[in-house]
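Here's the letter readout for the chains.
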Amino acid sequence: MLFFIPQNSLPAIAPGLTVHIEFRERAERRDDNDFFASLNDNRATLFTRGRVGLAYDAGEGTTLRAVYQYDNAQTMPTVGGDSQATRQDLVEANLQHRSRGSIFTVGRQKTSKGGQRLIGALEWANSSRSWLGARLQAGGWDMFYGELESNPVPNPDVKLAYASYDGPLGESLVAYKFDDRIVPRTSVTTIDDRCEHKIGNVALTGEAAYQWGRKSGLDLEAWAATLRATVVASPSVSIFVEGNVATGGSSSTVTRTFDNLYPTNHLYYGMMDLQGWSNMKGVAVGANWRATSRLGIEASFHSFSLYDKKDGWYGAAGGINKRGLVAYIDPSGASGDSIGSEFDIVGKYRISSNQSIEGGFGIFRPGGFVKSFVGGPIEESTWGYLQFGTKF
């Protein structure tokens, strides 16, 4: 469904009051998600998301903001009945005060850090992520404490606190996550540094993190790292190469499986959202082409393997991927460590300054580890989408 709204079509309601409206419709098709050719698990899903936001400028640097969100997911599998999930909530409801270069925000709000590999707003999902808490940004410092309010998988027992400093050596972050939902409780402390450096027409972005705490009743000792090099080949073409690693595995007293925290993994490990930053080794190569001032195309190839072949295959949502009720984990390690490879291509076209349309296609070819769970004819998994969005 495509419709067009002229800019500045809303009348002024009151002095200092502004209105924001956003609508997004995305149709997705996913085939052979279980990689088993003889079992039909194909499905199509229509994702609808609408937002209405109000912001009131109270003067002297103070703004009141509220955003109501409605989202609906209508799934139509080829086998079995249709399903529908609807959610509505205030994803943002906060007061923000700006004074002498500092920003203080209290209430329901979104927060992201660096490249969103550890903390992100998850805007790609139909139900994005927000927190109930307080945030202070001043002089390169960013300090936050909040409880998880809106998330694709709701969990009000999660608390997150962080402090970061953006200085000459990049953005340094200390984050603490506490999850009271799971017994035994989870408490994870993460130190992370993200830096960027440019050499001629090559831009380097690196990030490294170390974690400790308690998880699954065990002591946690884990780390992760990434490095991306982007080469500007021409004014309209850039090429990137990226490497990723995150520890996994455990002993009777220690777990080394890196906790991905609350990221936007969709940006980095394949558009199909089958891979997260936990117990993995991965390489990626891709290219961005600005075909016209309105049209951009990106193609990428990813290859994934397990860091520890006795640990599981973790998806973008943070948990171990499953085939039906069977989790992708082989404690013996006999299934090897080859997860597989993914190829993606995405195109985005800007219709106007506030409207866009995009579409993409992905194909995942399973490796030996994944194939060992199928036990029959192997099929590649495919995924595609078409999305329209407008906001003003």
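Everything discussed here concerns the structure shown above.
## Quick notes on the overall build of the chain
For the chain, the count of helices and strands is one helix and 21 strands. Relative to the compact-globule value of 21 Å for 392 residues, the chain shows a C-alpha radius of gyration of 22 Å, a close match. The 392 residues of the chain split such that 43% are buried. Considering only intrachain contacts with a sequence separation of at least 6, the fraction spanning at least 24 residues in the chain is 57%. As displayed, the chain has an accessible area near 18800 Å², and 59% of this comes from carbon and sulfur atoms. Seen as two clouds, the 39 positive and the 41 negative side-chain charges of the chain have centres 2 Å apart.

## A short note on the nonpolar core
Ranked by size, the top nonpolar core spans 42 residues in total, and within it Leu118, Phe258, Trp277, Trp313 and Phe364 carry the most contacts. Contributions of two or more residues to this core are made by strand 7 (141-150), strand 8 (158-167), strand 9 (170-179), strand 12 (218-234), strand 19 (338-352), helix 1 (368-371) and strand 21 (381-391). When near neighbours in sequence (up to four residues on either side) are disregarded, Trp313 contacts Phe35, Leu274, Gln275, Leu306, Gly319, Ile320, Asn321, Tyr328, Ile339, Phe364, Phe369 and Val370.

## What to know about the environment of Leu17
One can find Leu17 in strand 1 (residues 17-31). Taking the relative accessible area as the measure of exposure, Leu17 reaches 24% and is therefore partly exposed. Sequence separation between Leu17 and Pro184 is 167 residues, and the spatial gap between their C-alpha atoms is 47 Å. Once residues within four sequence positions are removed from consideration, Leu17 is found in contact with Leu54, Ala55 and Tyr56.

## Some words on the pairing of strand 7
Bridge count for strand 6 (residues 130-138) against strand 7 is nine bridges, and the pairing is antiparallel. Within strand 7, the position partnered with Leu132 by the bridge is Glu147. Between the antiparallel neighbours strand 6 and strand 7 lie two residues, among them Gly139 with a positive phi of about 55 degrees. By the bridge criterion, seven bridges tie strand 7 to strand 8 in an arrangement that is antiparallel. Across the sheet, Met143 pairs through a bridge with Ala163, a residue of strand 8.

## Thoughts on the side chain of Thr257
In this structure, Thr257 sits in the loop between strand 14 (254-255) and strand 15 (280-290). For Thr257, the contacting residues outside a window of four places in its chain are Lys215, Leu220, Ala222, Thr247, Gly248, Gly249, Ser278, Asp311 and Tyr314.

## Brief notes about unusual backbone geometry
Unlike most non-glycine residues, Phe35 shows phi in positive territory, near 65 degrees. Within the secondary structure, Phe35 sits in the loop between strand 1 and strand 2 (43-59). Phi is positive for Asp273, which is not a glycine, with a value near 60 degrees. Checked against the element boundaries, Asp273 lands in the loop between strand 14 and strand 15.

## Overview of the pattern of salt bridges
Tallying each qualifying case throughout the model produces 22 salt bridges. Across the salt bridge formed by Glu242 and Arg117, the nearest N and O atoms sit 3.0 Å from each other. Pair noted here: Glu242 is in strand 13 (residues 237-246) and Arg117 is in the loop between strand 5 (102-109) and strand 6, with a separation of 125 residues, a long-range link. For the pair Glu242 and Arg117, a shared accessibility class is recorded, and that class is buried.

## Here's the deal with the packing of aromatic side chains
In total, this model carries 16 aromatic pairs according to the counting rule given. Where Phe144 meets Tyr162, the ring centres are 5.3 Å apart and the plane angle is 25 degrees; that geometry is what we call stacked. Within this pair, whereas Phe144 is found in strand 7, its partner Tyr162 is found in strand 8, the two being separated by 18 residues in sequence. Taking 6.1 Å as the distance between ring centres and 35 degrees as the angle between the ring planes, the aromatic pair formed by Tyr210 and Trp212 counts as tilted. We classify Trp212 as partly exposed; its relative accessible area is 38%. One aromatic cluster is present, built from ring pairs that chain together Phe35, Trp313, Tyr328, Phe364, Phe369 and Phe373. It is Arg26 that lies over the ring of Trp124; its NZ or CZ is 3.9 Å from the centre. Here the guanidinium or amino end of Arg117 rests over the ring plane of Trp277, the centre of that ring lying 6.0 Å away.

Definitions and limits used
- Residues numbered from 1 in each chain as written.
- Predicted model: local features only at pLDDT ≥ 70, side-chain atom pairs only at ≥ 80, totals over all residues.
- Heavy atoms only, no water.
- Helix = DSSP H or I, 4+ residues; strand = E, 2+ residues; numbered from the N terminus.
- Rg over C-alpha atoms; globule rule 2.2 N^0.38 Å.
- Buried < 20%, exposed > 50% of the residue type's maximum accessible area, 1.4 Å probe, protein only.
- Contact = heavy atoms within 4.5 Å.
- Areas by Shrake-Rupley, 256 points an atom, 1.4 Å probe, with all protein chains shown as cover.
- Lys, Arg positive; Asp, Glu negative; His and termini not counted.
- Charge placed at Lys NZ, Arg CZ, Asp CG, Glu CD.
- Core = buried A, V, L, I, M, F, W, Y, C linked by side-chain atoms within 4.5 Å.
- Pairing = 2+ DSSP bridges.
- Salt bridge = Lys/Arg side-chain N within 4 Å of Asp/Glu carboxyl O.
- Phe/Tyr/Trp six-rings, centres within 6.5 Å; stacked < 30°, edge-to-face > 60°.
- Lys NZ or Arg CZ within 6 Å of the ring centre and 35° of its normal.

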